[in-house]
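If you want the building blocks of each chain, they are given just below.
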Amino acid sequence: MNKNILIIGGGIIGLSSAYYLSKEGHQVTVVDQSDLSNGASYVNAGIITPSHIISLASPGMISKGMKWMLNSYSPFTISPQLTTDFIRWTWLFKKAANKTNVEKSIPIIKNINLFSKDLFEEIKKSDDFNFYYKAKGLLMYYKTDRAGEEEWNVGQKAIQEGLKVALLTAKEVTALEPHVKTNIQGAVYYHSDAHTTPCQFMEQLKTFLKNKGVQIIPNTKVTDITITNNKATSIETTEKTYSFDELIIASGAWTPILCKKLALKVPIQAGKGYRINVPKTTGISIPSILTEAKVAVTPMNGFTRFAGTMEIGGLHHKINTKRVHAIAKAAERYYTSINISQKDINNASCGLRPCSPDGLPYIGKLSKIKNITLATGHAMMGWSLGPATGKLVSELISEKKTSIDMAPFHVERYNY
């Protein structure tokens, strides 16, 4: 039975959900508080990452975040907030950040990433899209023996999970990237990854959805959700009231605000990331992560993107210029042939990633209000997991068997 579905959130998760729901014949409306031209879905590194099998909630991350708090150039920082939400999230993060949980989550993260990569390729092969997509893998560059050893340990875990991974010398890296001069000891090469140009994909996705009759409503903030007899019936916005059969909350870092209206605890903290676009030719053809600096480098359609930092510090888009400069300086330390101009640095942008405490997203229906589905909490994997999440949401609402086990993404796992 076709349903009238309303999606709150027009990022990669919300629009991917709209894409698969519309293909199932449902009537879909997307509401977003922004103009749908910026944010995490537009400024991310654009990498599809089966290689990223270690969750953000790994041992020692809280300590590192606190240690680096006063260092404006650090790649990861946590700025304490005197709120119950922040304190609870930090406690849950620390509780989840142990070896047992990390090992348990490895196959879960790998499988949903591979599933999403297949879906990206399926979308790419359709006649409806012509976006930039390359499956060239990912190079994890390292400058020190310690970083190389740590990354190769992860690489060996990935090999055990069935991924193709190789340990390369600096000379072997040069053979792969002959048009770039690097200052590295070596790299761990994950063959499994792919990369895209986010803004291009998002624009094509919006155009496709509009042509298919999906209503996309920008600059509209949701102010309330009406619940009648344990069923969501409508939302109030700054513009008007919208009724629906099914509601999907895919509002990223803003999800907890909406969930409080439902008396639901969904711990999420915003993790700010920055990007610098360099339009001049860099010679880079394979995406990389500058391991010690935690900076991602992606060759995109017409430019190269340098992206990085994880800044846990509230819902705002203030740009810390020191962190932007840190990304540029890191790029120049690893790529000796690259110099990022002040103009490109000045044009930097940022986005807020929704981070769950255990590094896994929330995907699924609520138990008491069964016509509400959550799809959020993807942290740094939001871009990579967009199509997979959209497909799973569509399967749930269309009452089909889901493509993968949904238990790890249980939306009420912290609702106590």
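All chains use their own residue numbering, which begins from 1 and follows the written sequence. Local features in a predicted model are, by the rule used here, given only for residues with pLDDT of at least 70; side-chain atom pairs are given and counted only at 80 or more, and totals for whole chains, interfaces and linings are based on all residues. For side-chain calculations, the full set of non-hydrogen atoms in the structure is used, while hydrogens and water are omitted.

1. Considerations on the sheet that holds strand β5 (residues 133-134)
- Only strands that DSSP links by at least two bridges are regarded as paired with each other. Numbering of helices and strands runs from the N terminus; a helix is a DSSP stretch of H or I covering at least four residues, while a strand is a stretch of E covering at least two. The strand order β3-β9-β5 describes an open sheet built from three strands, whose pairing is antiparallel. Strand pairing shows two members of the sheet lacking a second neighbour, β3 (47-48) and β5, which therefore form its edges.
- Both β5 and strand β9 (residues 194-196) contribute to a ladder of two bridges, which runs antiparallel. Paired with tyrosine 133 across the two strands is threonine 196, which belongs to β9.

2. Examining the pattern of salt bridges
- A pairing counts as a salt bridge when a side-chain nitrogen of Lys or Arg comes within 4 Å of a carboxyl oxygen of Asp or Glu. Within the structure shown, the criterion is met by twelve salt bridges.
- We note a salt bridge from lysine 400 to glutamate 24, for which the minimum N-O separation is 2.9 Å. In this pair, lysine 400 is assigned in the segment after α12 (386-397) and glutamate 24 in the loop between α1 (12-23) and β2 (27-31), connecting sequence segments 376 residues apart.
- For glutamate 24, a relative accessible area of 29% translates into the label partly exposed. Accessibility here uses a 1.4 Å probe with only protein chains present; expressed as a share of the type maximum, an area under 20% marks a residue as buried, one over 50% as exposed, and anything in between as partly exposed.

3. Thoughts on the pairing of β2
- With four of five residues buried, β2 is to be regarded as a mostly interior element.
- Looking down the strands as they point away from the viewer, one classifies a crossover as right-handed if the path from the first strand across the helix to the second runs clockwise. Viewed along the sheet, the connection from strand β1 (residues 4-8) through α1 into β2 turns out right-handed.
- By the bridge criterion, three bridges tie β2 to strand β10 (residues 215-217) in an arrangement that is parallel. Residue valine 30 lies in a different strand from β10, and its bridge partner there is isoleucine 216.

4. A look at the pairing of strand β21 (residues 372-376)
- Among the five residues that make up β21, five are buried, leaving the element largely enclosed by the rest of the structure.
- Side-chain alternation along β21 places Ile372, Leu374 and Thr376 on one buried face and Thr373 and Ala375 on a second face that is also buried.
- Looking at chain direction, strand β14 (residues 246-249) and β21 are connected through three bridges and run parallel. Its bridge partner being in β21, isoleucine 248 is matched across the sheet by threonine 373.

5. What to know about the packing of aromatic side chains
- Classification of ring pairs rests on two measures: the distance between centres of Phe, Tyr or Trp rings, Trp counted by its six-membered ring, which must be within 6.5 Å, and the angle between planes, read as stacked under 30 degrees, edge-to-face over 60 and tilted in between. Using the criterion set out here, one finds twelve aromatic pairs in the structure.
- A centroid spacing of 6.3 Å and a plane angle of 25° characterise the contact between phenylalanine 129 and phenylalanine 201, whose relative ring orientation is stacked. Here phenylalanine 201 lies in helix α8 (residues 198-211) and phenylalanine 129 lies in the loop between α5 (99-125) and β5, a separation of 72 residues in the sequence. In this pair, the class of phenylalanine 129 matches that of phenylalanine 201, namely buried.
- Here a set of aromatic residues connected by ring pairs shows up, and it is made of Tyr19, Tyr20, Phe120, Phe129, Phe131, Phe201, Phe208 and Trp383.
- Any Lys NZ or Arg CZ that is within 6 Å of a ring centre and within 35 degrees of that ring's normal is treated as a charge sitting over the ring. If you follow lysine 124 out to its NZ or CZ, it ends over the ring of phenylalanine 131, 5.4 Å from the centre.

6. Here's the deal with the environment of glutamate 332
- One can find glutamate 332 in helix α10 (residues 321-334).
- Measuring from C-alpha to C-alpha, the distance between glutamate 332 and asparagine 183 comes to 9.1 Å, with 149 residues separating the pair along the chain.
- Whether two residues are in contact is decided by their heavy atoms: any pair within 4.5 Å suffices. In this view, glutamate 332 contacts Ile338, Asn339 and Ile340; residues no more than four positions away in its chain are not counted.

7. So, the nonpolar core
- In this description, a nonpolar core means a group of buried Ala, Val, Leu, Ile, Met, Phe, Trp, Tyr and Cys residues linked to one another through side-chain atoms lying within 4.5 Å. Core analysis: the largest hydrophobic core is formed by 47 residues, its most contacted members being Ile7, Tyr19, Val30, Ile112, Phe201, Leu209 and Ile248.
- Elements with a minimum of two residues in this core: β1, α1, β2, α5, α8 and α12.
- By size, the runner-up hydrophobic cluster in this structure holds 30 residues, among which are Tyr141, Phe306, Ala330 and Cys350.

8. Digging into helix α6 (residues 145-160)
- Helix length check: α6 (16 residues) gives 22 Å between terminal C-alpha atoms against 22 Å at 1.5 Å per residue, within 8%.
- Packed against the buried residues of α6 are β6 (138-142), β7 (165-169) and β8 (186-190). Given the number of residues in a helix, its expected span is that number minus one, multiplied by 1.5 Å.

9. Things to note about the state of the cysteines
- The definition used for a disulfide is geometric: two cysteine sulfur atoms within 2.5 Å. Under the defined criterion, the tally for this structure stands at zero disulfides.
- Cysteine 355 supplies the cysteine sulfur nearest to cysteine 350, a cysteine that is in no disulfide, at a spacing of 14 Å.

10. Thoughts on the sheet that holds β21
- Strand order in the open sheet formed by six strands is β10-β2-β1-β14-β21-β20, with mixed pairing between adjacent strands. Two strands bound the open sheet, and with one partner strand each, they are β10 and β20 (362-365). Each adjacent strand pair in this sheet contributes to an overall mean axis angle of 15°, direction not counted.
- In the sheet, β1 pairs with β2 via five bridges, with the strands oriented parallel. Paired with isoleucine 7 across the two strands is valine 30, which belongs to β2. What counts as an axis is a line fitted to C-alpha atoms, over the stretch in contact for a helix, and the angles between N-to-C directions run from 0 to 180 degrees.

Function-wise, these values are silent; they only describe arrangement.
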